[in-house]
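# Per-entry structural report
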Amino acid sequence: MRDTVNPYVLQYQLKRNLRPFTRAEIQKLPTGQSGVYVLWRKTGTEGRNECVYVGESTTCVRRRLLQHYDGTTNPELRTQLRLFGGIVHFSVELTEDAEETVLLETELIRTWQPKTNKNKLE
């Protein structure tokens, strides 16, 4: 695991490194790499982004994002993607091990509290 992950730096990087939530962009990610990811929705005219969902994969973040793209099993997230598909973006932070991945996901969910992650907030 990395020495220290500054949560503020991580949050800044995730907010700045947005990619369109398209199959082509997701397929640019490496295979077999663990990581955390955030799905964002553009809001208002100021170009702000709202965190829609925080997720993780301890095996392949690319495969997990493609599962969401093809039709997620999370009903709230599926609704958000259907309603706002054209303005949804994603960002990814690749990780070195499963423990780091889960810790980062938990921290991001606690910080941003996305409605579609409410089952993980309980």
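To be clear, the structure that these remarks concern was listed above.
Below: a short report on this structure. On a predicted model such as this, the values are computed, not experimentally measured, just so you know.

### Describing the packing of aromatic side chains
Enumeration over the complete set of coordinates arrives at 4 aromatic pairs. Judged by centre distance (6.2 Å) and plane angle (75 degrees), the ring pair of F21 and F90 falls under edge-to-face. You can see F21 sitting in the loop between β1 (19-20) and α2 (23-26) and its partner F90 sitting in strand β4 (residues 88-94), a full 69 residues away along the chain. The buried category is assigned to F21, whose relative accessible area is 8%. Every member of this aromatic cluster is reached through a ring pair, and the members are F21, Y69 and F90. The ring of F84 carries the charged tip of R41 above its face, separated from the ring centre by 4.2 Å.

### Section: the nonpolar core
In terms of nonpolar packing, the biggest core is built from 15 residues, with F21, L39, L65, F90 and V92 touching the most fellow members. For this core, the elements supplying multiple residues, two or more each, are β2 (35-43), β3 (48-57), α3 (61-71), α4 (75-84) and β4. Discounting residues that sit within four places of it in the chain, F90 has contacts with N17, L18, R19, P20, F21, E25, I26, L29, V38, L39, W40 and L65. Judged by nonpolar contacts, the second largest core, of 11 residues, contains V36, V38, L108 and W112.

### Some points on the sheet that holds β1
Here 4 strands make up an open sheet; going across it, the order is β1-β4-β2-β3 and the pairing antiparallel. Each edge of the sheet is formed by a strand with only one pairing partner; in this case those strands are β1 and β3. Note: β2 against β4, 7 bridges, orientation antiparallel. Following the sheet pairing, V36 is matched in β4 by E93. Contacting β2 and β4, helix α1 (residues 7-16) runs over the sheet at an angle of about 140 degrees to β4.

### Here's the deal with the side chain of S57
Take S57: it is sitting in strand β3. Taking relative accessible area as the criterion, S57 reaches 6% and is therefore assigned buried. Polar side-chain contacts of S57 include one of 2.9 Å to the backbone nitrogen of C60. Apart from residues no more than four positions distant in its own chain, S57 is found in contact with S34, G35, R64 and T101.

Cut-offs applied
- Residues numbered from 1 in each chain as written.
- Predicted model: local features only at pLDDT ≥ 70, side-chain atom pairs only at ≥ 80, totals over all residues.
- Heavy atoms only, no water.
- Phe/Tyr/Trp six-rings, centres within 6.5 Å; stacked < 30°, edge-to-face > 60°.
- Helix = DSSP H or I, 4+ residues; strand = E, 2+ residues; numbered from the N terminus.
- Buried < 20%, exposed > 50% of the residue type's maximum accessible area, 1.4 Å probe, protein only.
- Lys NZ or Arg CZ within 6 Å of the ring centre and 35° of its normal.
- Core = buried A, V, L, I, M, F, W, Y, C linked by side-chain atoms within 4.5 Å.
- Contact = heavy atoms within 4.5 Å.
- Pairing = 2+ DSSP bridges.
- Axes fitted to C-alpha atoms, helices over the stretch in contact; angles between N-to-C directions.
- Polar contact = N/O pair within 3.5 Å; in protein donor to acceptor, adjacent residues only side chain to side chain.

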